[in-house]
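Analysis of the macromolecular model
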Amino acid sequence: NAGVTQTPKFQVLKTGQSMTLQCAQDMNHEYMSWYRQDPGMGLRLIHYSVGAGITDQGEVPNGYNVSRSTTEDFPLRLLSAAPSQTSVYFCASSYRDTNTEAFFGQGTRLTVV
Amino acid sequence: GENVEQHPSTLSVQEGDSAVIKCTYSDSASNYFPWYKQELGKRPQLIIDIRSNVGEKKDQRIAVTLNKTAKHFSLHITETQPEDSAVYFCAAYSGGSNYKLTFGKGTLLTVNP
């Protein structure tokens, strides 16, 4: 049982490049979400999904796209990377029922130069 | 949407002392309040949570209290140890049919030997 797996762990992009951060979970969780973590800002929700085929915006969605074609995978796409997107990105998943623990991936440290 | 305020942003204590971190939330419909611990370079991990029908919950040296009327909840760590040093995040689940877990900005706890 691997839990929540994110790839890559580290990435450097040039301004304007695009890339996809991968997130996969093997716990059959309905809910998946993406957060970014910046110093002094806590964890801010980018996008989330309540099930396959359903996604919605969080607090800071601009510049990011998501899709949820399967229960297991929830990739995050950066369309045209900007230095302001330099951050640590965490994917999380949990069961659909409220009041349940969110499990986090190990994070992706992204630098945009 | 939900807004979670967390104080203090940094906290330094001597080993063996107690530490208290406080959070307030804005959405009266919120009904689940987890606390996460994040060690340097690691992913956030759940340490304790409380549901809105409970006023207090304890797990060994860690306790959480919830005051629904005042919309605030607190984390209490007794007999602190150096391994308690980490960033602690409070969060609130904003309820409803969509899953949104809103985090505070975090508290850096340093336990000095």
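Each remark here, short or long, concerns the structure printed above.
Read on for a plain summary of the structure. No experiment lies behind these values; they were computed from the predicted model shown.

Turning to the environment of Tyr64(A), a few remarks are in order. All names here are of chain A. Along the polypeptide, Tyr64 turns up in strand E7 (residues 64-66). Look at Tyr64 and you get buried, because its relative accessible area is 3%. Each C-alpha atom of the pair Tyr64 and Ala52 lies 18 Å from the other, and the pair is 12 residues apart in sequence. Non-local contacts of Tyr64, meaning those with residues more than four positions away in its chain, are made with Arg36, Ile46, His47, Leu76, Arg77, Leu78, Gln85 and Tyr89. Engagement of the side chain of Tyr64 in a polar contact is seen with the side chain of Tyr89, the distance being 2.7 Å.

Turning our attention to the packing of aromatic side chains. Per the stated rule, a full pass over the model turns up 12 aromatic pairs over all chains. With a centroid separation of 5.3 Å and 90° between ring planes, the pair formed by Tyr35(A) and Phe103(B) is classed as edge-to-face. Taken together, the residues span two chains, with Tyr35(A) in strand E4 (residues 31-38) and Phe103(B) in strand E10 (residues 101-103). Through a chain of ring-to-ring contacts, three or more aromatic side chains come together here, namely Tyr35(A), Phe90(A), Phe104(A), Tyr36(B), Phe89(B) and Phe103(B). Above the plane of the ring of Phe74(A) lies Arg68(A), whose end atom (NZ or CZ) is 6.0 Å from the centre.

Now for the sheet that holds strand E3 (residues 19-25) of chain B. Residues and elements named next belong to chain B. Spatial strand order, E1-E3-E8-E7-E6: five strands in an open sheet with antiparallel pairing. Both edges of this open sheet fall to strand E1 (4-7) and strand E6 (56-59), since each of them pairs with a single strand only. On average, adjacent strands in this sheet sit at an angle of 15° to one another, irrespective of strand direction. Here four bridges tie E6 to strand E7 (residues 62-67), and the two strands are oriented antiparallel to one another. Bridging across to E7, Glu56 finds its partner in Thr65.

Rules of the game
Counting of residues starts from 1 at the beginning of each chain's written sequence and follows it residue by residue. Going through the entries in the order they are written, you letter the chains from A and number the ligands from 1. Residues qualify for local features only when their pLDDT is at least 70, as the model is predicted, and side-chain atom pairs are given and counted only at 80 or more; totals for whole chains, interfaces and linings, by contrast, use all residues. By convention in this description, side-chain values take in all heavy atoms of the structure and omit both hydrogens and water. Under the scheme used here, helices are H or I runs from DSSP no shorter than 4 residues and strands are E runs no shorter than 2 residues, and both carry numbers assigned from the N terminus. Buried residues are those whose accessible area, probed at 1.4 Å on protein chains only, stays under 20% of the maximum for their type, while exposed residues exceed 50% and partly exposed ones sit between those limits. In what follows, residue pairs with any heavy atoms lying within 4.5 Å of each other are defined as contacts. Two N or O atoms form a polar contact when they lie within 3.5 Å of each other; inside protein one atom must be a possible hydrogen donor and the other a possible acceptor, and for residues adjacent in sequence the pair counts only when both atoms belong to side chains. Centres within 6.5 Å are what make two rings of Phe, Tyr or Trp a pair, Trp counting through its six-membered ring; a difference in plane orientation under 30 degrees is then read as stacked, over 60 as edge-to-face, and the rest as tilted. Placement of a positive charge over a ring is assigned whenever Lys NZ or Arg CZ falls within 6 Å of the ring centre and within 35 degrees of the normal to the ring plane. Pairing between strands requires that DSSP locate at least two bridges from one strand to the other. As a rule, the C-alpha atoms of each element are fitted with a line to give its axis, helices using only the stretch in contact, and angles between N-to-C directions run from 0 to 180 degrees.

Functional significance is not addressed by these values, which are geometric in nature.
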